[in-house]
Protein chains: 4
Amino acid sequence: MNTSTADIDEVADIDTDVVQNYIDRLSRWGLWGPEDQLGALNLVTGKHVAAAAAGVKAGKVISLTLPYDQAGPQPGGLRNNPILMTTATGTDAAAGTQAASIRAVFGENGTHVGYADDAIFMPTQSGTQWDSLAHVFRDGQMWNGYPATDHSSAGAARNGIQHWTDRLVLRGVLADVARYKGVDALEPGYAISVDDLLGTLAAQHCTVGTGDALLVRTGQLGQRRGQWGDFAGGAAPGLSVHAAPWLASTEIVAVVTDTWGVEVRPNEVDDFQPLHQIAIVHLGLAFGEIFDLDALAADCAEDGRYQFMFAASPLPITGAVGSPVGAVAIK
Amino acid sequence: MNTSTADIDEVADIDTDVVQNYIDRLSRWGLWGPEDQLGALNLVTGKHVAAAAAGVKAGKVISLTLPYDQAGPQPGGLRNNPILMTTATGTDAAAGTQAASIRAVFGENGTHVGYADDAIFMPTQSGTQWDSLAHVFRDGQMWNGYPATDHSSAGAARNGIQHWTDRLVLRGVLADVARYKGVDALEPGYAISVDDLLGTLAAQHCTVGTGDALLVRTGQLGQRRGQWGDFAGGAAPGLSVHAAPWLASTEIVAVVTDTWGVEVRPNEVDDFQPLHQIAIVHLGLAFGEIFDLDALAADCAEDGRYQFMFAASPLPITGAVGSPVGAVAIK
Amino acid sequence: MNTSTADIDEVADIDTDVVQNYIDRLSRWGLWGPEDQLGALNLVTGKHVAAAAAGVKAGKVISLTLPYDQAGPQPGGLRNNPILMTTATGTDAAAGTQAASIRAVFGENGTHVGYADDAIFMPTQSGTQWDSLAHVFRDGQMWNGYPATDHSSAGAARNGIQHWTDRLVLRGVLADVARYKGVDALEPGYAISVDDLLGTLAAQHCTVGTGDALLVRTGQLGQRRGQWGDFAGGAAPGLSVHAAPWLASTEIVAVVTDTWGVEVRPNEVDDFQPLHQIAIVHLGLAFGEIFDLDALAADCAEDGRYQFMFAASPLPITGAVGSPVGAVAIK
Amino acid sequence: MNTSTADIDEVADIDTDVVQNYIDRLSRWGLWGPEDQLGALNLVTGKHVAAAAAGVKAGKVISLTLPYDQAGPQPGGLRNNPILMTTATGTDAAAGTQAASIRAVFGENGTHVGYADDAIFMPTQSGTQWDSLAHVFRDGQMWNGYPATDHSSAGAARNGIQHWTDRLVLRGVLADVARYKGVDALEPGYAISVDDLLGTLAAQHCTVGTGDALLVRTGQLGQRRGQWGDFAGGAAPGLSVHAAPWLASTEIVAVVTDTWGVEVRPNEVDDFQPLHQIAIVHLGLAFGEIFDLDALAADCAEDGRYQFMFAASPLPITGAVGSPVGAVAIK
């Protein structure tokens, strides 16, 4: 391709314009006051929560979380898979090495008891996880206009994940785009359009609206399960940046996918993760990534009901920019 | 005290008899088959879950999880408070040090974007947490009779916490014993009796039954908040070992407290944590510890409703003997 | 004390002048070229190393490193004591749980063998440790004038500890100031003057010079051993900021103490750790902290020889700002 | 191959006999008393240390340690490469986020100062490392006959690495077998025989004896550097199990290689790591693994001197079964 530097600059400008234009039209900074740290989750009211609960019929609970272990999707490196380390074991108990420490700590004999204990080391975003509103910046700012420097080595002074720990109980709607398209998995690089989403929802006879979480199944996680390759960080199907206005107008509060990054990779414009910049930084949406939606999708296909109560409270890790989560759909 | 060795042995025998007698009468090993790894949570059916959801009225969501951070209750040492470490910061973004790595990893300019990332190191039982059925052994065995050596440095080959990730959505009932007793907090060493529990429930005009989680508020967590002292590991109010038969007969599936160890410390008999040995090892109960029940208690006192939907899915950390949890009560 | 704001500002200015004046007179930035990342350790030549080795007579090896474990000096918190976690244990081997994994990984029976393995989590500066030249900044710059932003979440792009891994074999000289002063330990807040150092060295019949490491014993570590209190981070005896010109003129390359921070705390001027700012940032000195000098001091007192070969290579942890070290004196 | 079970058992018996026969002839258990935790390093006397120092001529210091970072040889998984995490950064300092914490902790302004800090998480055996005498068991016992259960989740009650922190300063002799054989690297599976070692030493005009460390260069580390493949854990050249009697008779105290496991892989007999079982468990030798011997080898080839002072003190991590090390050769 014969592209001069001038051409590249022009392309970049156009792309920037696209993203910046969406932001100029859609940004919600200040909408919930200058001190807000909740973002779109402000839209979820008790009425929404109660309605989500009221939709529960059979009392089925379906896990949406991938196991946290060494078989996880990370290829190694700094965002490694979770490392569980035992600090007391049943084998210790069997060998009789615990009695002395029980005596030392508690001054008791403890002749019958034994115990196991452990610790975990994990990147907060190594598996099924929520991004906090402090995870992404655009032009040096995070959600609601706070400076990026509100996040330092001491963690997030604002927009930390802990603010959401009682906010992620709401109605969820699954859009099984892979099934709608008749494929096991959408191709890496496939940008899911608003038409795709609307078509999927229509085919499923459901809608989304204010206060809902939209769970979008691409099929990629299931396809790569156990043989992850570049699943975490590589090319992936995902939402188009051009879905931004629709995400804003529907007043959806959370978008969840079975990919590592919600949006399509490679990106459609010449900037890294533009939908993150619009949706997290300016709409205040909760992005949920690496959710395992296969069991839920199978269940929805069977009973034809694609909406459910969605309970996915992040751990209140003070100042964290992400959190693992024991997420469940309740039908 | 002039106690001969013979006397001590006699006392130990008596105590052992008490615990062993309860076990002989109450043990549920084999009840759900020789391969069961769920324990009492087998008792929760879809009907129970649906009923719990049906009880939701206002759509209020109340967090029951203490923040995971350095202000937590651990005194230091091996079961230290959670350590959050940032691996990318907003200050990096502001300083312009991220552009090169985005280019290196993704081959893109990323001129507008910045990001933060982090990792956590934490003992699974350092804060609000579920004990798995592999956490405690009696005489070399864990729940359902599996040998303690099924837990090794490789984690729990059986009874790991991951089995419960879709099982802890159920009806919760708060027994605010501290309020019932008219104190801010029960004294360390106070053994909560079945009469205390029944009295509290009666005063609250509620009952517990099959498939319920019982949340017992002693007030200790609130009293020690921020000035923890020996909260984690020290003397504490808690359930009497003699509550074991009642826990079995009510078919409660989970017991949660605002203390570090559910049962009273020091223990009432000459063995370490006897109720753990009976209730976890032989009844297969889920024990939830260091739950923050104060906001829930205040809400229940206000509206007079002490039952709620309880969503507290542990992280499916494969082979772990405990898990942090983003627990919520939904009313 | 009746001090007006104006007075405080004046004091601050004076103090700043003191520190800045030392820097203006003494700074070595650029002395070893604009790309240097070694600092004063450039002064150690093969001749110095050979002379240090030539001084070895009896072949005695004395450890200067405090054990890395939970009994260490840190009070908890983020700079916690080292946490060792086992990932395979002898108790596992005894219980027979390892055979399967040996078979799985190596395809062999391994009927006789067993193994233990472990991992460590530790702040690099939690115990006996070297500060790298990237550890401290003054006015946004580190050693040799590199910007502070050369250190980010990705570690130190310049002045990382790895550059010194083959540089810390040299002649060491112990100045046992506590012994010279006839006390078990100097008082917290005691500023060790050049006169104190010269008096100590004279009494010991030794001198320091180009390429030497000066190990200064205050006695504080020994006094606090096992009952650390605020040892790590609190008030401490240590070098006076006014020793800076002497440190520069002697061409000493490393200063090591049995305290947490080399210099006296509280500081003598109204700025935090001014000697760090002068000696690390502008002289390029290696600061060694929390070294255990008691056994060495006892040996020196016995044989009257206060100089020795000092082998204290930091781990080459790429980009780290400090490193634990297995430090030894060889006499 | 048509091998009956009877045949396999016979082979296993023969192999076991080989290993057990060596042990029966060579074991040093009890040689230094029933409480010994040092093993062969008892053989190093002050005379040996002094002689090693006396051999230093030019004062050259050569690092033998591979950098500890994400570019290390581990393929991921539980024995991952070292993870350095920053807990304070220069970018924080530049952004002005540190002033408040200095004020909070130290009550001072700290207007000029900035700082960086970090923590490391690493398996003790992920890179250049010493095995302790608690690392390997044979038939449920470790060095000197202690039971394997002396190592539990609490670490090594006996034979922990800390006992060697002042013991690994001695004379080193490099046997550059790859160079002797005229190859870049010996092939995986190549068993280095005593003849190979003697031939190499003779060609180098040097010998080994009591109290020496023998550093054996296979060339494999250099060949795999940066493209590690299965370097850590895979097939490798290494010492033959049949070198055991020679290792015993020479009274060498440490064996170091540029491979992950000193001995040849796959093993020559039907048991996992038989030389570990003989040399660590029964001879009490120090095994050093993943040492980078290339720079040293180049230097030795140039000056023709293959012996040197070897300073490689492990960190005294209490109860650890291995330790990273800042190892140097001093010539």
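Structure: see above.
All of these numbers come straight from a predicted model, not from anything done at the bench.

Here's the deal with the overall build of chain A
Inference 1: Of the regular secondary structure elements, chain A holds ten helices and 17 strands.
Inference 2: In terms of C-alpha radius of gyration, chain A reaches 22 Å, essentially the compact-globule figure of 20 Å for 331 residues.
Inference 3: Dimensions of chain A, computed from C-alpha atoms along their principal axes, come out at roughly 75 × 45 × 45 Å.
Inference 4: Relative to its full complement of 331 residues, chain A shows a buried share of 64%.
Inference 5: Expressed as a percentage of contacts within chain A between residues at least 6 apart in sequence, the contacts between residues at least 24 apart total 79%.

Points about the interface of chain C and chain D
Inference 1: On the chain D side, the residues contacting the 87 residues of chain C number 88 residues.
Inference 2: When chain C packs against chain D, the two sides together hide about 6,800 Å² of surface, and 63% of this comes from carbon and sulfur.
Inference 3: Remark: the boundary between chain C and chain D carries two salt bridges.
Inference 4: For Asp117 of chain D, the salt bridge goes to Arg79 of chain C, with nearest N and O atoms at 2.6 Å.
Inference 5: Counting the contacts that link chain C with chain D gives 24 residue pairs in polar contact (both at pLDDT 80 or more).
Inference 6: Looking at which element gives the most residues to the side of chain C that touches chain D, the answer is strand 4 (residues 117-123) of chain C, with seven residues.
Inference 7: Grouping the amino acids of the side of chain C that touches chain D by side-chain chemistry returns 43 nonpolar, 31 polar and 13 charged.
Inference 8: In terms of strand pairing, strand 3 (residues 113-115) of chain C meets strand 6 (residues 136-138) of chain D through three bridges, oriented antiparallel. Across the sheet, Tyr115 of chain C pairs through a bridge with Val136 of chain D, a residue of strand 6 of chain D.

A short note on the interface of chain A and chain D
Inference 1: In this complex, chain A contributes 16 residues to the contact, which on the side of chain D involves 16 residues.
Inference 2: Interface of chain A and chain D: buried area, both sides summed, is about 1,300 Å²; carbon and sulfur atoms make up 67% of it.
Inference 3: Linking chain A to chain D there are zero salt bridges.
Inference 4: Inspection of the region where chain A meets chain D yields two residue pairs in polar contact (both at pLDDT 80 or more).
Inference 5: Secondary structure elements with two or more residues in the side of chain A that touches chain D: strand 2 (83-88) and helix 3 (90-95) of chain A.
Inference 6: The element that contributes the greatest number of residues to the side of chain A that touches chain D is strand 2 of chain A, accounting for four residues.
Inference 7: Residue classes in the side of chain A that touches chain D are distributed as six nonpolar, nine polar and one charged.

With respect to the side chain of Glu263 of chain B
Residue and element names in this part refer to chain B.
Inference 1: Along the chain, Glu263 turns up in the loop between strand 13 (254-257) and helix 9 (274-282).
Inference 2: Although Glu263 lies buried, it forms no salt bridge, and the closest oppositely charged side chain, Arg265, sits 7.3 Å away as judged by the N-O distance.
Inference 3: A polar side-chain atom of Glu263 sits 2.8 Å from the main-chain amide nitrogen of Leu275.
Inference 4: When residues no more than four places from it in sequence are discounted, the contact partners of Glu263 are Pro237, Gly238, Leu239, Gln273, Pro274, Leu275 and His276.

Things to note about the pattern of salt bridges
Inference 1: Counted by the stated rule, this structure contains 63 salt bridges over all chains.
Inference 2: A salt bridge links Arg138 of chain B to Asp139 of chain B; its shortest N-O distance comes to 4.0 Å.
Inference 3: Bridged by salt links that share partners, the residues Asp176, Arg217, Arg225, Asp292 and Asp294 of chain A form one connected network.

Some words on the relation of the copies chain A and chain D
Inference 1: The two copies are related by a screw motion: chain A maps onto chain D through a turn of 180 degrees and a shift of 0.0 Å along the axis, at an RMSD of 0.0 Å. Both copies are brought into coincidence by an operation consistent with a two-fold rotation axis. Looking at the rotation axis and the C-alpha trace of chain A, the residue lying nearest is Gly76 of chain A, at 2.5 Å.
Inference 2: The share of interface residues of chain A whose copies in chain D are also at the interface is 100%, consistent with both copies meeting through the same surface.

Here we look at the pairing of strand 13 (residues 254-257) of chain D
Residues and elements named next belong to chain D.
Inference 1: Side-chain alternation along strand 13 places Ala254 and Val256 on one buried face and Val255 and Thr257 on a second face that is also buried.
Inference 2: For strand 13 and strand 14 (residues 286-289), the ladder comprises three bridges, and the chain directions are parallel. Each bridged residue has a counterpart across the sheet, and for Ala254 the counterpart in strand 14 is Ala286.
Inference 3: Remark: the strand 13/helix 9 (residues 274-282)/strand 14 crossover connection has right-handed handedness.

Observations concerning the side chain of Asp258 of chain C
Residues and elements named next belong to chain C.
Inference 1: Turning to its location among the elements, Asp258 is positioned in the loop between strand 13 (254-257) and helix 9 (274-282).
Inference 2: Looking at Asp258, its side chain comes within polar contact range of the main-chain nitrogen of Gly219, at 2.8 Å.
Inference 3: Residues contacting Asp258, with those up to four places away along its chain left out, are Val216, Arg217, Thr218, Gly219, Gln220, Leu221, Phe231, Phe291 and Leu293.

What about the state of the cysteines?
All names here are of chain B.
Inference 1: Throughout the structure, instances matching the rule amount to zero disulfides over all chains.
Inference 2: We note that Cys300 lacks a disulfide partner, and the nearest cysteine sulfur, in Cys206, lies 8.6 Å from it.
Inference 3: Note on Cys300: relative accessible area 0%, which makes it buried.

What about unusual backbone geometry?
Among all residues except glycine, the phi angle is most often negative; among peptide bonds, the trans geometry is most common.
Inference 1: Each neighbour pair has its own omega, and for Arg265 of chain C with Pro266 of chain C the value is -5 degrees, a cis peptide bond.
Inference 2: Tracing the sequence through the fold places Pro266 of chain C in the loop between strand 13 and helix 9.

Section: the sheet that holds strand 2 (residues 83-88) of chain B
Picture the strands of a sheet paired through backbone hydrogen bonds; they go either parallel or antiparallel.
Inference 1: On the basis of which strands lie adjacent, the open sheet formed by four strands has the order 2(A)-4(A)-4(B)-2(B) and antiparallel pairing. One side of each edge strand has no neighbouring strand; the edge strands of this open sheet are strand 2 of chain A together with strand 2 of chain B. Adjacent strand axes in the sheet meet at a mean angle of 15 degrees when their direction is disregarded.
Inference 2: Where strand 2 of chain B lies against strand 4 (residues 117-123) of chain B, five bridges are found, and the strand directions are antiparallel. Among the inter-strand pairings, Met85 of chain B is bridged to a residue of strand 4 of chain B, identified as Ala119 of chain B.

Some details on the relation of the copies chain C and chain D
Inference 1: Superposing chain C onto chain D requires a rotation of 180 degrees together with a translation of 0.0 Å along the rotation axis, leaving an RMSD of 0.0 Å.
Inference 2: In this assembly the copies share their binding face: 100% of the residues contributing to the interface of chain C also contribute to that of chain D.

Focus on the nonpolar core
Inference 1: Ranked by internal contacts, the top residues of the largest apolar core, which has 180 residues, are Trp130 and Phe310 of chain A together with Trp130 and Phe310 of chain B.
Inference 2: Membership of the second largest hydrophobic core comes to 176 residues, among which are Ile23, Val136 and Val328 of chain C together with Leu215 of chain D.

Notes on the environment of Leu186 of chain D
Residues and elements named next belong to chain D.
Inference 1: Checked against the element boundaries, Leu186 lands in the loop between helix 5 (177-181) and strand 10 (191-192).
Inference 2: Take Leu186: its relative accessible area is 5%, and that puts it in the buried class.
Inference 3: Taking the C-alpha atoms as reference, Leu186 lies 15 Å from Asn267; in sequence the two are 81 residues apart.

A few points about helix 9 of chain B
Residue and element names in this part refer to chain B.
Inference 1: In terms of burial, helix 9 is a largely internal element, nine of the nine residues being buried.
Inference 2: Among all positions of helix 9, only Pro274, Leu275, His276, Gln277, Ile278, Ala279, Ile280, Val281 and His282 are buried.
Inference 3: Backbone geometry just downstream of helix 9 places Gly284 in the positive-phi region, at approximately 75 degrees.

Observations concerning the sheet that holds strand 15 (residues 307-311) of chain C
Residue and element names in this part refer to chain C.
Inference 1: Reading across from one edge, 1-17-15-9-11-13-14-5-16 is the order of the nine strands in this open sheet, with mixed pairing throughout. Each end of this open sheet is capped by a strand with a single partner; those strands are strand 1 (61-63) and strand 16 (322-324). Taken over all neighbouring pairs, the strand axes of this sheet differ in orientation by 30 degrees on average, direction set aside.
Inference 2: Packing of helix 10 (residues 294-303) onto the sheet brings it into contact with strand 1, strand 9 (169-176), strand 11 (212-217), strand 15 and strand 17 (328-330), and relative to strand 9 it is tilted by some 75 degrees.

Analysis parameters
- Each residue is numbered by its place in its chain's sequence as written, counting from 1.
- For this description, chains carry letters from A and ligands carry numbers from 1, given in the order in which they are written.
- Since the coordinates come from a predicted model, pLDDT governs what is reported: local features require at least 70, and pairs of side-chain atoms require 80 or more to be given and counted, while whole-chain, interface and lining totals use all residues.
- Note that the side-chain values use all heavy atoms of the structure and ignore hydrogens as well as water.
- Elements are defined by DSSP. Helices are runs of H or I of four residues or more, strands are runs of E of two residues or more, and each kind is numbered from the N terminus.
- Taken over C-alpha atoms, the radius of gyration is set against a globule rule of 2.2 Å times the number of residues to the power 0.38.
- Here the term buried applies to any residue with accessible area under 20% of the maximum for its type, exposed to any over 50%, and partly exposed to those in between, with areas from a 1.4 Å probe on protein chains only.
- Whether two residues are in contact is decided by their heavy atoms: any pair within 4.5 Å suffices.
- Put simply, buried area is the surface a 1.4 Å probe can reach on two separate parts but cannot reach once they are joined, added for both.
- Any Lys or Arg side-chain nitrogen found within 4 Å of a carboxyl oxygen on Asp or Glu counts as a salt bridge.
- Polar contact is defined as a pair of N or O atoms within 3.5 Å, subject to the rule that within protein one atom must be able to donate a hydrogen and the other to accept it, and that residues adjacent in sequence are counted only when both atoms are side-chain atoms.
- Classification used: nonpolar for Ala, Val, Leu, Ile, Met, Phe, Trp, Tyr, Cys and Pro, charged for Asp, Glu, Lys and Arg, polar for all others including Gly.
- Here, strands pair whenever DSSP counts at least two bridges between them.
- Only four residue types enter the tally: Lys and Arg on the positive side, Asp and Glu on the negative side; His and the chain ends are excluded.
- Residues reaching a pLDDT of at least 70 in both copies supply the C-alpha atoms on which the copies are superposed by least squares.
- Every crossover in which the path from the first strand over the helix to the second runs clockwise, viewed with the strands pointing away from the viewer, is termed right-handed.
- The disulfide criterion used throughout: a pair of cysteine sulfur atoms within 2.5 Å.
- Structural elements are reduced to axes, namely lines fitted to C-alpha atoms, with helices fitted over the stretch in contact, and the angle between N-to-C directions of any two is expressed from 0 to 180 degrees.
- We call a set of buried Ala, Val, Leu, Ile, Met, Phe, Trp, Tyr and Cys residues a nonpolar core when their side-chain atoms join them within 4.5 Å.

By themselves, these observations are geometric and do not establish any function.
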